[in-house]
Amino acid sequence: MRQRDDMTFPHEEYVRRLEGLRERMKDRRLDAVVISDPENIMYMTDYQTTGYSFFQALVVPLDGDCYMVTRNMEESNVHARTWVEKTRPFADNGDAIQTLVESFREFGLNNSTIGYERNSYFLPAYQQDRIRSAYTSGRLLDCFGIVEEGRMLKSKAEIEVMKKAAKATEAGMQAGIDAVKAGVTENEIGAAVSAAMFRAGGEPPAVMPYVTSGPRSMIGHATWEGRTVQDGEHVFLEVGGCYRRYHTAMMRTVVLQDQLSSSMESAQRQMIKALRELKNYIQPGLTVSDADKIVRDIVSDGRHGGALITRSGYSIGIAFPPSWDEGYILSLMQGDPQILREGMTFHIIPWVWGVDGDKTVGISDTIYVTEDGCESFFSLEEEFTLKPGKKASSDKPSGDASKSKSSNGQAASA
């Protein structure tokens, strides 16, 4: 294991992660594991590339040197970024799976019990079948979750990196809020969000910001498509900032009116109440199911005509496209008996789909669980941002955040 001082985390952090993985390998009676999930490879080694759709694998034996099997094009990332010293690259016209299986023989793993990530996005069934057909001298077992078990609890160093992602998230969200007015396009708002995130030190996120206005907010996971925002409408924003592949995310809502309707006021009130109540209750030992119930009951109690139609939160941290969440590791959902532990990080999403039957609104937070409670990564106010109608604001300079008011009458934070 090569020691270097130019990685995202100190050398000791990677030693801890490797030792933890090997302890879990012992528990599962595995001689080696083949890690192909890009988030897991990143977690273990600091390796990243946009070419993760091609076959790549980190092979970790219980004893001895780790090594990587990558496309020739990606081998430079191993040497430039990681502590891994040995690589076995393959050419574009070569055979990635044959290279992997031959490496088992070379590194003394020919008669071993080897785990592989059966649930990895980028290890398709046909590749799994080929590995099984070619590796006949040992056993192959599914080891899905063996790295995620370590990723679930963020270290203090990881929390600090996520705080840098949070700066990009907040900068992007504030820029998006400032850009919203009647007559601008969703694209212009998205451009403002993106530029501000990157100027604040953010890096390309796993998902670009969600920007939808008026009736388009009812379309699940839609984002900007050139629509022009109309006077009197609302704009739903969800921004995920990224730093070194670690993400934080938040939802906010802008309303181009002088005051909220009773249903929009109810939605805002219940979402803020849900966030605050949950943050009051969160501590190590609270079950995932109980956390979800707190949020779901409060949101459902409003007179807004909408509903929380998804999980109420999910683990968040390292991510590559197509998603910024770690919800497949842990989500806040009904019936899950798992307990919260110190170091877990969640995007809490008490959003409301279908206010008055035709609007989606959201207020959310990313938090980390502490020894006796939780802390937010953000300081941006949660209330809807109200902006006067087009006629009332025609004499004001565009993008003047100091004159935008939230629904509680306070100036929107800059």
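In this report, we go over the structure that sits alongside the text. Just so it is clear, the structure is predicted and the values come from calculations on it, not from any experiment. (Residues numbered from 1 in each chain as written. Predicted model: local features only at pLDDT ≥ 70, side-chain atom pairs only at ≥ 80, totals over all residues. Heavy atoms only, no water.)

Our next topic: the sheet that holds strand 6 (residues 139-142). With mixed pairing, the six strands of this open sheet are ordered in space as 4-3-2-1-5-6. The sheet is open, and its two borders are formed by strand 4 (86-87) and strand 6, each paired with just one other strand. Pairing between strand 1 (residues 32-35) and strand 2 (residues 57-61): four bridges, direction antiparallel. Bridged to Ile35 within strand 2 is Leu58. On top of the sheet, helix 4 (residues 96-106) reaches strand 1, strand 2, strand 3 (67-69) and strand 5 (113-116); it is set at about 155° to strand 3, its chief contact. (Pairing = 2+ DSSP bridges. Helix = DSSP H or I, 4+ residues; strand = E, 2+ residues; numbered from the N terminus. Contact = heavy atoms within 4.5 Å. Axes fitted to C-alpha atoms, helices over the stretch in contact; angles between N-to-C directions.)

The grouping of Glu342, Glu371, Asp372 and Glu375 at the surface amounts to a negative patch. Following the sequence through the fold, Asp372 ends up in the loop between strand 15 (365-369) and strand 16 (374-376). The exposure class of Asp372 is exposed, given its relative accessible area of 65%. (Patch = residues over 30% accessible without salt bridge, like charges linked within 9 Å, V, L, I, M, F, W, Y side chains within 5 Å. Areas by Shrake-Rupley, 256 points an atom, 1.4 Å probe, with all protein chains shown as cover. Salt bridge = Lys/Arg side-chain N within 4 Å of Asp/Glu carboxyl O. Lys, Arg positive; Asp, Glu negative; His and termini not counted. Charge placed at Lys NZ, Arg CZ, Asp CG, Glu CD. Buried < 20%, exposed > 50% of the residue type's maximum accessible area, 1.4 Å probe, protein only.)

Further remarks concern helix 10 (residues 288-300). The end-to-end C-alpha distance of helix 10, which contains 13 residues, comes to 18 Å, matching closely the 18 Å that a straight helix rising 1.5 Å per residue would cover. Listing the buried residues of helix 10 in full gives Val288, Ala291, Asp292, Ile294, Val295, Arg296, Ile298 and Val299. Contacts made by the buried residues of helix 10 are with helix 9 (262-281), strand 11 (331-332), strand 12 (345-348) and strand 13 (352-355). (Expected span 1.5 Å × (residues − 1).)

Moving on, we come to the sheet that holds strand 11. Taking strand neighbours across the sheet as the criterion, the five strands line up as 11-10-12-15-16 in an open arrangement whose pairing is antiparallel. Edge positions in the open sheet fall to strand 11 and strand 16, since each of these has one partner strand only. Where strand 10 (residues 313-315) meets strand 12, three bridges bridge the pair, whose relative direction is antiparallel. Bridging across to strand 12, Tyr314 finds its partner in His347. Across the face of the sheet, helix 9 comes into contact with strand 11, strand 12, strand 15 and strand 16 while running at roughly 5° to strand 15.

Below, the discussion takes up the pairing of strand 8 (residues 234-243). A large share of strand 8 lies buried, amounting to ten of its ten residues. With burial as the criterion, each face of strand 8 is covered, one bearing His234, Phe236, Glu238, Gly240 and Cys242 and the other bearing Val235, Leu237, Val239, Gly241 and Tyr243. Of the pairings in the sheet, the one linking strand 7 (residues 210-213) to strand 8 comprises four bridges and is antiparallel in character. Among the inter-strand pairings, Thr212 is bridged to a residue of strand 8, identified as Phe236. Taken together, the ten bridges between strand 8 and strand 9 (residues 246-255) define a ladder with antiparallel strand orientation. Looking at the pairing, Val239 lines up with Met250 of strand 9. Hairpin remark: strand 8 followed by strand 9, antiparallel, with two residues in the connecting loop; positive phi at Arg244, about 55°.

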